[in-house]
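Results of the structural survey
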Amino acid sequence: MSDNSELPGAIVSRIIKSALPDNILISKESKLAIAKAAKVWIHYVTASAIDFSQASNRSTIYPKDVLSAIEELEFGQFNESLEEFLATITNTKKKDKEEKEHNKEKEKEKEKEKEKDKEKDKDNKAKDDSTDKKDNTDK
Amino acid sequence: MAKDQDMKDQEEIEDIEEEEEEVEEEVEEDEEEEEDEEEKKTSTTTTTSTSKKTSSKPTAATSKSSATTKKSRSTVTQLPIARVKRIMKSDKDVKLISQDATFLVTKSTELFLEYLVKEAFKKTVAEKRKTLSYKDISTTVKDTDPLEFLADIIPEKVLNQ
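For the structure given in this document, a descriptive report is provided here.

Calculation criteria
Residues numbered from 1 in each chain as written. Chains lettered and ligands numbered in written order. Predicted model: local features only at pLDDT ≥ 70, side-chain atom pairs only at ≥ 80, totals over all residues. Heavy atoms only, no water. Helix = DSSP H or I, 4+ residues; strand = E, 2+ residues; numbered from the N terminus. Buried < 20%, exposed > 50% of the residue type's maximum accessible area, 1.4 Å probe, protein only. Contact = heavy atoms within 4.5 Å. Areas by Shrake-Rupley, 256 points an atom, 1.4 Å probe, with all protein chains shown as cover. Buried area = accessible area lost by both parts, 1.4 Å probe. Salt bridge = Lys/Arg side-chain N within 4 Å of Asp/Glu carboxyl O. Polar contact = N/O pair within 3.5 Å; in protein donor to acceptor, adjacent residues only side chain to side chain. Nonpolar A, V, L, I, M, F, W, Y, C, P; charged D, E, K, R; others polar. Pairing = 2+ DSSP bridges. Axes fitted to C-alpha atoms, helices over the stretch in contact; angles between N-to-C directions. Parallel < 35°, antiparallel > 145°, perpendicular 65-115°, else oblique. Left-handed = near helix turned anticlockwise from the far one by under 90°. Core = buried A, V, L, I, M, F, W, Y, C linked by side-chain atoms within 4.5 Å. Domains from an automatic or database assignment.

All right, on to the overall build of chain B then. Along chain B, the regular secondary structure elements total six helices and two strands. Along chain B, helices (α) and strands (β) appear in the sequence α-α-α-α-β-α-β-α when read from the amino end. Burial analysis of chain B (161 residues in total) assigns 42% to the buried set. Of all intrachain contacts in chain B linking residues separated by at least 6 positions in sequence, the fraction that spans at least 24 positions is 44%. For chain B, the computed accessible surface area is about 10000 Å², with 51% contributed by carbon and sulfur atoms.

Quick look at the interface of chain A and chain B now. Each side of the interface is counted separately: chain A has 57 residues, and chain B has 59 residues. Both faces combined, the contact of chain A with chain B buries some 5400 Å², and carbon together with sulfur accounts for 72% of it. For the pair chain A and chain B, the interface holds one salt bridge. Where Asp-100 of chain B meets Lys-93 of chain A, a salt bridge forms, and the shortest distance between an N and an O atom there is 2.9 Å. At the boundary of chain A and chain B, one finds eleven residue pairs in polar contact (both at pLDDT 80 or more). Taken together, the elements giving at least two residues each to the side of chain A that touches chain B come down to helix 1 (9-19), strand 1 (25-26), helix 2 (28-55), strand 2 (60-61), helix 3 (63-72) and helix 4 (79-138) of chain A. Among the elements that make up the side of chain A that touches chain B, the one with the highest residue count is helix 2 of chain A (17 residues). Of the residues assigned to the side of chain A that touches chain B, the class counts are 37 nonpolar, twelve polar and eight charged. As judged from the two bridges shared by strand 1 of chain A and strand 2 (residues 131-132) of chain B, these two strands associate in the parallel manner.

This part takes up the packing of helix 2 of chain A against helix 5 (residues 99-126) of chain B. Relative orientation of the contacting elements helix 2 of chain A and helix 5 of chain B amounts to 135°, with a least axis distance of 10 Å. Judged on the interaxial angle alone, helix 5 of chain B and helix 2 of chain A are oblique. Of the two elements, helix 2 of chain A crosses helix 5 of chain B, and the hand of that crossing is right-handed. On the side of helix 2 of chain A, the interface is formed by Ile-34, Ala-37, Ala-38, Trp-41, Ile-42 and Val-45 of chain A, while helix 5 of chain B contributes Val-105, Ser-108, Thr-109, Phe-112, Leu-113, Leu-116 and Val-117 of chain B. Tallied by class, residues from the contact of helix 2 of chain A with helix 5 of chain B come to eleven nonpolar, two polar and no charged.

All names here are of chain B. Summed over the entire model, instances satisfying the criterion amount to eleven salt bridges over all chains. Ionic pairing is found between Glu-119 and Lys-122, a salt bridge with its closest N-O pair at 3.0 Å. Separated by three residues within a single helix, Glu-119 and Lys-122 lie in helix 5, roughly one turn from each other. Residue classification places Glu-119 among the partly exposed positions, given a relative accessible area of 21%. By relative accessible area, Lys-122 is classed as exposed at 53%. Residue Asp-143 pairs with Lys-123 through a salt bridge whose shortest N-O separation is 2.8 Å. Placement of the pair is Asp-143 in helix 6 (residues 134-143) and Lys-123 in helix 5, with a sequence separation of 20 residues.

This part takes up the side chain of Thr-140 of chain B. Residue and element names in this part refer to chain B. Secondary-structure assignment places Thr-140 in helix 6. Overall, Thr-140 belongs to the buried group, its relative accessible area being 1%. Of note is the side chain of Thr-140, whose polar atom sits 2.4 Å from the backbone oxygen of Asp-136. With residues near it in sequence (within four places) discarded, Thr-140 still touches Glu-119, Ala-120, Lys-123 and Leu-147.

As a further point, take helix 6 of chain B. Most of helix 6 of chain B is tucked away: seven of the ten residues are buried. Every buried residue of helix 6 of chain B is listed here: Tyr-134, Asp-136, Ile-137, Ser-138, Thr-139, Thr-140 and Val-141 of chain B. Its buried side turned inward, helix 6 of chain B meets helix 2 of chain A together with helix 5 and strand 2 of chain B.

This paragraph deals with the nonpolar core. Trp-41, Val-66, Phe-75 and Phe-78 of chain A together with Phe-112 and Ile-137 of chain B are the most contacted members of the largest nonpolar core, which totals 57 residues. Elements that contribute at least two residues to this core include exactly helix 1, helix 2, helix 3 and helix 4 of chain A together with helix 4 (81-89), helix 5 and helix 6 of chain B. Broken down by element, the residue count for this core peaks at twelve residues, all from helix 5 of chain B. Residue-level mapping places this core at the junction of two domains, with at least three residues from each of domain 1 (1-74) and domain 2 (79-139) of chain A. Once residues within four sequence positions are removed from consideration, Trp-41 of chain A is found in contact with Ile-70, Phe-75 and Phe-78 of chain A together with Ser-108, Thr-109, Phe-112 and Phe-149 of chain B.

By themselves these figures say nothing about function.
Following this line, the structure appears as structure tokens:
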């Protein structure tokens, strides 16, 4: 199970590589050290965010607690891009919701149309049947 | 008035719990993605969890293309949100985490990694080397005040021998 509480190595090394120029190599132990550092960072930020949430008598960690925590830990330079990131995800969420509602409405309309079509089919069938009967009687 | 506030808080928390269930669904997908990647790297591993999901796994021929489409789907963060959340929850004091807070921590981890690597790389450049070595990281940790929290897990190497 220890595997599940570690960050995936492939993704971590992808992030490391994208932060470095192409022709630079990374030693294996520095990769390990960086992956460990990332895990400790998560614990570090979480612990500090808990302090902020508890200070305002809450048991839930909110985004503002995370932002205050990062500021407190002297990494305030991250907060600008983090706030941007937060804005984009809330926007995409809104869009998703709107899309879902839109799709639902469309589906409803489609169902209505289907029902109408069914009714029409029934009518047509009834007509067909009657004409068939007429044909039969003619013969 | 205080009661009203309590009610509101309660509602908010319930909302969050609902959101969390939604996340849990995403989580499964994320994990599949990871497993796909791990499998590519080490095809001989016999992990227990991968065997569970063999049914939903694409065939070897199509796995590459599907992996790329999956990547384009999770453009929000590179790191798996589920993992980050699990690591956060391993702290005993954590009770509830809002979904956006998890997103933020995940994103901040990516930013932090980038920061740490770039700082360490400055040392590599200063010594005109082409490999980022452990020493670059450990000296960065020692020299940078905000990184002091890493001093225990990334110590400066004591001379070998």
